[in-house]
Amino acid sequence: MAKYDVVVVGAGLAGLSAAIQSQMAGKKTLLIEQHNLPGGCATSFVRGRFEIEPSLHELCDIGPESMPGEVRQLFDEYGVKLNWVPVPDCFRVISKYSDGTPMDVTMPHGIDAFIEKMEYYVPGSTPKMKELFDIYEEIRQGAGYTAACAGNADPKVMREKYPNMLRLGAYPVNKVFKAMKLPQKCQDILSVYWGYLGVDMNHVSFFHYASMMQRYVRMGAFIPAHTSHEISTAMLERFRELGGEAWFNCRAEEFLFDGDKLCGVRTSLGDVECDMCMPNINPDIIYSKMMPKELIPEREKKLSAARDGRYSARMFTAYFCLDCDYHELGIENYSYFLAGSSDSEREYNTINGSLDENEYCIFLCENVANPEASPEGTCICFITTMGAPADWNDLSQKDYVAMKNKTVDKMLKIVKDKTGIDMTGHIEEMSVASPWTFARYLNAPEGAVYGYEVRDWDGIMARMMMLKQDYPIRGLRPVGAAGPRGDGYSAAYIPGSLVGKLAINDLNSWNEGGKQ
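This one's a predicted model, so the numbers in the text were calculated from it and none came from an experiment.

1. Side note on the overall build of the protein
From N to C terminus, the protein includes 20 helices and 17 strands. At 23 Å, the protein has a C-alpha radius of gyration in line with the 24 Å of a compact globule built from 516 residues. Principal axes of the C-alpha set define a box for the protein whose edges measure 65 × 60 × 45 Å. In the protein, buried positions account for 59% of the 516 residues.

Right, dumping it as structure tokens:
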């Protein structure tokens, strides 16, 4: 039986990050992946003469070289070199304000520019917006401090330097906005990014939203020059340069135990012995299908029951490769957030109700940021929404194609009606990824690529505070979307590194005769 210090199951975003972290620490690390390519969502596929990005809209924590974000710093630490392309603006949103009047707003990157543009749309809003971004900055610095302390932050320092983080962080965003007396139209515009988290503004924590919003506005967003497959292959190459070993077309089937301690992984290519395993797999799948039932901690059973199948963001994306330049279609912006209203809870409920109710989607044209994303004289666009469990969970195979077509037709109509952009006469190639696609390819329950909803009692602050309790099985530390920061690209790379470091600490402690 092959023997390793660490086995990482799944070469997705968090898995690649955890594997590099482990190998950099000198641990003999094996990375196994069921597919023939690394990356999970971070990959690409080809239709005709087009190479298509399947999932990444933009990364908010890269930042320019002069102001590197957390993810850029992490890649630099790893020795992973990438070509980054800046996204022109934060977003354009076309919807309705809370008072029913039309909303068509384009917001720029840069805090000063963002506040100035908000003043244009909402006269008199500047003082409150400055106050808000001061709080955002405090939360950013406080989050950096707590991360640097590895969960052992000094309470006195927190109270003196980051009081708003402690006072406001766990409250829902809308409650904080209202307490600040932020103008309603500002609240309507600022709510646009809720779809990136899959949780509405009445249930996502202010800490989580402020952290994300501050990064997007302060540093801008970036995309890789050659799709997210560039990120994944660069990370894999670096892992191998460091001495790591990777097996592809290899599926993990069962976790092996010696008493209550993990001791290996049964794979489709044979059993592998290890002291630590970091599976990039949803815990519900780990506990229900991949380990002895009698070893599942009672706490994990209760946690799963409390989450009650509340999976987040069952993705549906349609990709369009067009035979014309984007200027010909009147496309002006990189990303358009299109919604029936600015009420995020209403939009969340209609998305999770049925396709007939759903008016929400994000329309994006890659070529606006990266003119070389497709052959000259062409462009690539995609439309993303979220599928309702009632529409997809019990859908029969014979109705599958019809449901995909119905969803695409509705999304194309929303884009045309709200923006005037009509792609239908220019589609050279297209492809569709439904919740079933993501469930099959990523092994994600119900195609929920964000794992469990990061909301209410199960928010990011609570998860970070429960890092010790959330890994109760010796030798088993899951990584990925179900982890401390939920999902999204930044939210996978960073926790992959974090969990990797915790796993290394475990191994070193055991080698020194300590306890987990």
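2. So, the sheet that holds strand 14 (residues 335-338)
The mixed open sheet is built from 7 strands, whose spatial order is 7-6-14-15-16-13-17. The sheet is open, and its two borders are formed by strand 7 (102-107) and strand 17 (427-433), each paired with just one other strand. Neighbour to neighbour, the strand axes of the sheet diverge by 15° on average, direction disregarded. Relative to strand 16 (residues 379-386), strand 15 (residues 361-365) runs antiparallel, the two sharing 4 bridges. Counted as the bridge partner of Cys 365 is Cys 381 from strand 16. Contacting strand 13 (315-322) and strand 17, helix 18 (residues 435-442) runs over the sheet at an angle of about 100° to strand 13.

3. Regarding the packing of aromatic side chains
All chains considered together, the criterion is met by 25 aromatic pairs. Judged by centre distance (6.1 Å) and plane angle (80°), the rings of Phe 91 and Phe 337 are edge-to-face. Note that Phe 91 is positioned in strand 6 (residues 91-96) and Phe 337 in strand 14, a separation of 246 residues in sequence. The residues Phe 91 and Phe 337 share a single accessibility class, namely buried. Ring pairs connect the aromatic residues Phe 91, Tyr 193, Tyr 196, Tyr 216 and Phe 337, which therefore count as one cluster. Over the aromatic face of Phe 222 sits the side chain of Arg 72, whose NZ or CZ is 5.9 Å from the ring centroid. The ring of Tyr 97 is capped by Lys 185, whose NZ or CZ atom sits 4.6 Å from the centre of that ring.

4. Comments concerning the sheet that holds strand 1 (residues 2-9)
If you trace the 6 strands from one edge of the open sheet to the other, you get 9-2-1-12-11-10, paired in mixed fashion. Each of the sheet's edge strands pairs with one partner strand only, and the pair in question is strand 9 (245-248) and strand 10 (252-258). Between one strand axis and the next, the sheet turns through 40° on average, direction left out of account. Across 4 bridges, the pairing between strand 2 (residues 29-33) and strand 9 is parallel. Bridge pairing in strand 9 places Ile 32 opposite Trp 247. Where helix 1 (residues 13-24) meets the sheet, its contacts fall on strand 1, strand 2 and strand 12 (270-279), and the angle it forms with strand 2 comes to roughly 165°. Helix 11 (residues 227-241) contacts strand 2 and strand 9 of the sheet and is inclined by roughly 130° relative to strand 9.

5. Looking at the packing of helix 1 against helix 20 (residues 490-511)
Their axes nearest at 7 Å, the elements helix 1 and helix 20 cross at an angle of 40°. Considering the angle they form, helix 1 stands oblique to helix 20. With respect to the hand of their crossing, helix 1 and helix 20 are arranged in right-handed fashion. Contacts from Leu 13, Ala 14, Ser 17, Ala 18, Gln 21 and Ser 22 in helix 1 reach Ala 492, Tyr 493, Gly 496, Ser 497, Gly 500, Lys 501 and Ile 504 in helix 20. Residue classes in the contact of helix 1 with helix 20 are distributed as 6 nonpolar, 6 polar and 1 charged.

6. A look at the pattern of salt bridges
According to the stated counting rule, one finds 28 salt bridges in the structure shown. A salt bridge links Arg 266 to Asp 271, with the nearest nitrogen and oxygen atoms 2.8 Å apart. The partly exposed category is assigned to Asp 271, whose relative accessible area is 26%. Taken together, the shared-partner salt bridges connect Asp 61, Glu 70, Arg 215 and Arg 485 into one network.

Rules behind the numbers
Residues numbered from 1 in each chain as written. Predicted model: local features only at pLDDT ≥ 70, side-chain atom pairs only at ≥ 80, totals over all residues. Heavy atoms only, no water. Helix = DSSP H or I, 4+ residues; strand = E, 2+ residues; numbered from the N terminus. Rg over C-alpha atoms; globule rule 2.2 N^0.38 Å. Buried < 20%, exposed > 50% of the residue type's maximum accessible area, 1.4 Å probe, protein only. Pairing = 2+ DSSP bridges. Axes fitted to C-alpha atoms, helices over the stretch in contact; angles between N-to-C directions. Contact = heavy atoms within 4.5 Å. Phe/Tyr/Trp six-rings, centres within 6.5 Å; stacked < 30°, edge-to-face > 60°. Lys NZ or Arg CZ within 6 Å of the ring centre and 35° of its normal. Parallel < 35°, antiparallel > 145°, perpendicular 65-115°, else oblique. Left-handed = near helix turned anticlockwise from the far one by under 90°. Nonpolar A, V, L, I, M, F, W, Y, C, P; charged D, E, K, R; others polar. Salt bridge = Lys/Arg side-chain N within 4 Å of Asp/Glu carboxyl O.

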